[in-house]
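A closer look at the structure
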Amino acid sequence: MPYPRRRTRSLVAFTTILIATAAILYAVASPLLGGSSGRNALPSWFLNEEAGTNRVSVIDTLENSFNSIIPGHWNANRMHGSSDMSLDDDTVHGGATDPEPVAVPARAVSRPYRDSAPVAGKVFFDTPDGPRACSGTAVRDPARPGTSNLVWTAGHCVHKGAGGSWFRNIVFVPSYNDQGLAKAAAQRAPLSKIAPFGTWWADGVETSPQWISKGKDNGGPGAAFDFAVLHVRPPADASSLQESLGDAATVRFDVPAVTSISSVTVLGYPAAAPFSGEELFACQGRPSRLSVGTKDEPTMYRTGCTMTSGSSGGGWFSSSADGSFTLVSNTSIGGSNNTWIAGPYLGRQAQDTYTSVSERFSVSDQ
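Each value, and the rule that gives it
- Residues numbered from 1 in each chain as written.
- Predicted model: local features only at pLDDT ≥ 70, side-chain atom pairs only at ≥ 80, totals over all residues.
- Heavy atoms only, no water.
- Disulfide = S-S within 2.5 Å.
- Helix = DSSP H or I, 4+ residues; strand = E, 2+ residues; numbered from the N terminus.
- Buried < 20%, exposed > 50% of the residue type's maximum accessible area, 1.4 Å probe, protein only.
- Pairing = 2+ DSSP bridges.
- Phe/Tyr/Trp six-rings, centres within 6.5 Å; stacked < 30°, edge-to-face > 60°.

The tally for this structure, following the rule as stated, stands at two disulfides. Note that C134 is cross-linked by a disulfide to C157, the S-S spacing being 2.1 Å. One disulfide, between C134 and C157, carries an S-S torsion of -85° and so falls in the left-handed class. Here C134 is found in strand β5 (residues 130-139), whereas its partner C157 is found in the loop between β6 (150-153) and β7 (168-174), with 23 residues between them in sequence. On the basis of relative accessibility, which here comes to 0%, the residue C134 falls in the buried class. Covalent S-S linkage joins C283 and C305, the inter-sulfur distance amounting to 2.1 Å.

Take a look at the structure:
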């Protein structure tokens, strides 16, 4: 797929922390249908189906002094104790908004996750209110075919939004709790069981300027641009993220209109009751339209799903004309009654964000 040429962009440096010592850090079912024939194979529940905003770039670099690896910081206890990010949307929906969809019960993904959904994982980060967790997806890098270190998640998993700031100590844990241990068992398990591929620290992140200027805890216009891309560093002795997992998702920016998509599959680690945040779940259904702002904001995708907060940032997957699975959105907001979730349309701004991070690390990763 074509990617835009490099564009001039303004750089906004992340606020540097860790001034003195680490002491100033913030304190803190049944398997899904089918399985996989191998690490690189797609699970059977990725069903086939039928096949513009001006750039105002905001790229932020997690400099070494800011996001240096802190040994032991993201231990198993801290991961288990991370609160989920809110999904609740209480805005008034207008414009091209379809009737609220029927709730689709979330179903447990087949274990081990490294075989059934190798691209999925959890994103952890520190906020002024303590450690938090979201979901994320390993995605391909156009500048590094086969050796990508890029992760897709939601903008509200890296930045507070309007009037806020960047979160800190951001990491990606692919195939988190790979065996799908229940909460009690997961809390007793060693870190190697919870993070089988290690902890991947982010050294670069970008989200949309619209999320930074308009994003709110309850959605609002910023939700239509609620996406982010991370560049992560391999743990010691590890190869690239894509090589380590054996796969990475293709991101698609030429998705047809919502009404032309027959089905999407949504992955995430929901954490609010009745879920624990320890297990990977999926919803599958036909998306409808949701409008959260003025006519200038793209119409979002919405689908019935009972996943709760914690699934934020999780990937939405659809099929391309050749039958391959592609990421077309990420979970952003959901109804307060936990019957639906919605994600942004990945248009020009999303593609620019993705390409910007890819280009920045295209040389340093070689």
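On we go from here.
The next point concerns the sheet that holds strand β16 (residues 325-330). Overall, mixed pairing links the six strands, which are arranged β3-β12-β11-β15-β16-β10 in an open sheet. Each edge of the open sheet carries a strand with a single partner, namely β3 (107-108) and β10 (250-251). Summarising the sheet, strand β11 (residues 264-268) and strand β12 (residues 281-285) pair through five bridges and their orientation is antiparallel. Bridge pairing links V266 to C283 in β12.

Let us now look at the packing of aromatic side chains. Evaluation of the coordinates by the stated rule reveals 11 aromatic pairs. Geometrically, the ring pair formed by F124 and Y176 is tilted, given 5.7 Å between the ring centres and 55° between the ring planes. Taken together, the positions of F124 in strand β4 (residues 120-127) and Y176 in the loop between β7 and α4 (183-188) put the pair 52 residues apart, joining distant regions of the chain. Overall, F124 belongs to the buried group, its relative accessible area being 0%. Plain terms: the ring middles of W152 and F227 are 6.2 Å apart, the flat faces sit at 35° to each other, and that makes the pair tilted. On the criterion of sequence distance, the pair formed by W152 in strand β6 and F227 in the loop between α6 (209-214) and β9 (228-233) is long-range, its members being 75 residues apart. Overall, F227 belongs to the buried group, its relative accessible area being 0%.

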